[in-house]
Amino acid sequence: MPKADIGLIGLAVMGQNLVMNMNDHGFTVAVYNRTTSKVDEFLAGPAKGSKVVGTRSIEEFVAALKKPRRVMLMVKAGEVVDQFIAQVVPHLEKGDIVIDGGNSLYTDTQRRVEELGKKGLLFLGSGISGGEEGARHGPSIMPGGAPEAWAAVKPIFQAISAKVEDGTPCCDWVGKGGSGHYVKMVHNGIEYGDIQLICETYHLMRAAGCSNTEMAEIFSAWNRSELLSYLIEITAKILAYKDTDGSHLVDHILDAAGQKGTGKWTSIDALELGMPLTLISEAVYARCLSALKEDRVTAAKVLPGPAPKPLKDRKEFVESLRQALYASKIVSYAQGFMLMREASRQYGWDLNFGAIALMWRGGCIIRSIFLGDIKKAFDRKKDLHNLLLDDFFKKAMTGAQSGWRSALARSLEWGIPAPCMTSALAFYDGYRSDRLPANLLQAQRDYFGAHTYERLDKPRGQFFHTNWTGTGGSVSSTTYNA
Ligand code: 6PG
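Just so we're clear, the structure is a prediction, and the values are computed from it rather than from any experiment.

(A) Molecular detail of the overall build of the chain. Helix and strand content of the chain: 19 helices and seven strands. The C-alpha radius of gyration of the chain comes to 26 Å, within 12% of the 23 Å expected for a compact globule of 482 residues. When the backbone C-alpha atoms are referred to their principal axes, the chain occupies close to 80 × 70 × 50 Å. Expressed as a percentage of contacts within the chain between residues at least 6 apart in sequence, the contacts between residues at least 24 apart total 67%. When the accessible surface of the chain is totalled, it reaches about 23100 Å², and 55% of it is carbon and sulfur. For the chain, the centre of its 56 positive side-chain charges and the centre of its 52 negative side-chain charges are spaced 2 Å apart.

(B) Spotlight on helix α9 (residues 212-222). Those residues of α9 that fall on the buried side of the exposure criterion are N212, M215, A216, I218, F219 and W222. The buried residues of α9 occupy one face: seen down the axis, they fall within an arc of 165°. Summarising the contacts, the buried residues of α9 are in contact with α8 (179-207), α10 (230-240) and α14 (314-347).

(C) Focus on a nonpolar patch on the surface. Side chains of Y447, F448 and W468 sit close together on the surface and give an oily, nonpolar patch of about 400 Å² of accessible area. Here F448 shows up in helix α19 (residues 438-449).

(D) How the structure looks around the nonpolar core. Core analysis: the largest hydrophobic core is formed by 85 residues, its most contacted members being Y182, W222, M340, W360, I374, L387 and W404. Among the elements that take part in this core, α14 stands out by supplying 16 residues, more than any other. Beyond its immediate sequence surroundings of up to four residues, W404 is in contact with S320, Q323, A324, A327, S328, V331, M397, M421, A424, L425 and Y428. Core analysis: the next-biggest nonpolar cluster, separate from the first, contains 32 residues, V19, M22, M72 and A146 among them.

(E) Spotlight on the side chain of E200. With respect to the helices and strands, the residue E200 is situated in helix α8. Buried and unpaired, E200 has no salt bridge, with R287 as the nearest side chain of opposite charge at 11 Å. Setting aside residues up to four positions removed in sequence, E200 forms contacts with P417, A418, P419, C420 and M421.

(F) Representation of the site of the ligand within the structure. Not every one of the 13 residues close to the ligand is listed here, only the nearest: N103, S129, K184, E191 and Y192. Here K184 contributes a side-chain N or O atom positioned 2.8 Å from an oxygen atom of the ligand. Within the side chain of N188, one N or O atom sits 2.9 Å away from an oxygen atom of the ligand. Its free accessible area being 410 Å², the ligand has 79% of it covered by the protein chains. Among the elements that line the shell around the ligand, the one with the most residues is α8, at five residues. Each residue belonging to the shell around the ligand can be placed in one class, and the counts come to two nonpolar, seven polar and four charged.

(G) Spotlight on the environment of I330. Tracing the backbone through its elements, the reader meets I330 in helix α14. Once the C-alpha coordinates of I330 and F393 are considered, the two residues, 63 residues apart in sequence, prove to be 7.4 Å apart. Discounting residues that sit within four places of it in the chain, I330 has contacts with F370, L388, F393, A396 and M397.

(H) Up close: the pattern of salt bridges. Per the stated rule, a full pass over the model turns up 30 salt bridges. D40 is paired through a salt bridge with R56; the nearest N and O atoms lie 2.8 Å apart. With D40 in helix α2 (residues 37-44) and R56 in the loop between β3 (53-54) and α3 (58-63), this residue pair connects regions lying 16 residues apart in the sequence. When its relative accessible area of 37% is taken as the criterion, D40 is described as partly exposed. Residue classification places R56 among the partly exposed positions, given a relative accessible area of 38%. We note a salt bridge from R460 to E454, for which the minimum N-O separation is 2.9 Å. Accessibility expressed as a relative area gives 28% for E454, which makes it partly exposed. Each of D82, D100, D108, R111, R112 and E115 takes part in one network of salt bridges that share partners.

(I) Spatial organisation of the packing of α9 against α10. Interaxial distance between α9 and α10 falls to 8 Å at its minimum, and their mutual angle equals 160°. Between α9 and α10, the angle falls in the class roughly antiparallel. As α9 packs across α10, the resulting crossing turns out to be left-handed. Contact residues: α9 offers N212, M215, A216, F219, S220 and W222, while α10 offers I232, T235, A236, L239 and A240. Across the contact of α9 with α10, the residue classes break down as eight nonpolar, three polar and no charged.

Definitions and limits used
Residues numbered from 1 in each chain as written. Predicted model: local features only at pLDDT ≥ 70, side-chain atom pairs only at ≥ 80, totals over all residues. Heavy atoms only, no water. Helix = DSSP H or I, 4+ residues; strand = E, 2+ residues; numbered from the N terminus. Rg over C-alpha atoms; globule rule 2.2 N^0.38 Å. Contact = heavy atoms within 4.5 Å. Areas by Shrake-Rupley, 256 points an atom, 1.4 Å probe, with all protein chains shown as cover. Lys, Arg positive; Asp, Glu negative; His and termini not counted. Charge placed at Lys NZ, Arg CZ, Asp CG, Glu CD. Buried < 20%, exposed > 50% of the residue type's maximum accessible area, 1.4 Å probe, protein only. Arc of directions from axis to C-beta. Patch = residues over 30% accessible without salt bridge, like charges linked within 9 Å, V, L, I, M, F, W, Y side chains within 5 Å. Salt bridge = Lys/Arg side-chain N within 4 Å of Asp/Glu carboxyl O. Core = buried A, V, L, I, M, F, W, Y, C linked by side-chain atoms within 4.5 Å. Near = heavy atom within 4 Å. Polar contact = N/O pair within 3.5 Å; in protein donor to acceptor, adjacent residues only side chain to side chain. Nonpolar A, V, L, I, M, F, W, Y, C, P; charged D, E, K, R; others polar. Axes fitted to C-alpha atoms, helices over the stretch in contact; angles between N-to-C directions. Parallel < 35°, antiparallel > 145°, perpendicular 65-115°, else oblique. Left-handed = near helix turned anticlockwise from the far one by under 90°.

Next up, the structure:
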């Protein structure tokens, strides 16, 4: 008699912790791993004394599952997901559910929903955030895919997910197709932005002469302000952390960033959709530049920067940095939601932005008090066009603006790069400009290539061409936009 409520394939860190989390919530979980010795180790180790059912073949695994079968994959994104789908599908029957909980590319998920759908199977692509700790004690879960599958996984996912103060789970139905993984991808892009913003703040504080211990205290204090968030909290702890010899560990870590690709995917999709996701894209490039360590070491010896200028009031500077961080963070989230809004429109997902903010409020890497403020903004106006136009955030931007500008003026004077903060300010100033210099740009395109332009004094959609040199023809090129 099959007894498992759900089966999980892939006993790496995230998989094991999710299984134990499900077990703690009263669900019976069957597990399988390609290297079957891992199943034995798991049963003898973390799962000892639990209800977890160990299986050593796909047949045994599937046979252990109650119907409709719920098969969750926690394996490396990419081909491995397809390989396991191919192995498991022949043993499933109509109405069974396959869930991919990894960091898969949303277009792969979209394809899998369609392919399995043709076989009568229900596929879900579910973003899961929160790392090891989150998986074990309450992650943020972002499921999307075949809507018919939601009712069958909802009780399990909402039980194991993180909860906000009032008990609402940080897990809700995202939408059709690849939307669950899309939202997780944007979460990761925002994570890249948040991390880079904190790193720029740290860089500038260090340039201002703050010690690691002082910075740890400053970040701890900020974690009691509107910046309260998991990433600020761990930054304070990292800066205070001592190596075995008593020195600060952070000073010994090589300054070359890694990345697994989700930030890059977010930027690529923003380019595809024509959305100005400048901050996250700068965060991706900042990682790329950091990885060119050898180049930088060579260039540092030959390329001059400005002479250092002393700082009059460090306390005031630190406060301006706090404002710069806060304002830039608002811009980053505003851009992230702009991207999701456009994705929802173009891919036909009907995303619920308030629900997304709530899913990210707890459990995930970007969890913060700030996401509660975003949720409230969408509660005030469900179809809010842009976060920057919400009264709360408008006021916050007004309050933070002068500190933001003065902190960045310092960064320029000192030659300390702050690409995310700087691009955030450029975006803000661009977004609030009713006239940008694109009139000249359009004139240039028309001058050299007869690409045509629209006129301020004529209705939109009417295109004009000028024979600027008197020698060009009056034939214009087509006016399509990519
Ligand atoms: C999460 C994280 C996680 C991500 C890592 C590493 O939500 O728990 O986003 O999914 O894979 O943070 O990402 P990078 O290696 O690209 O920094």
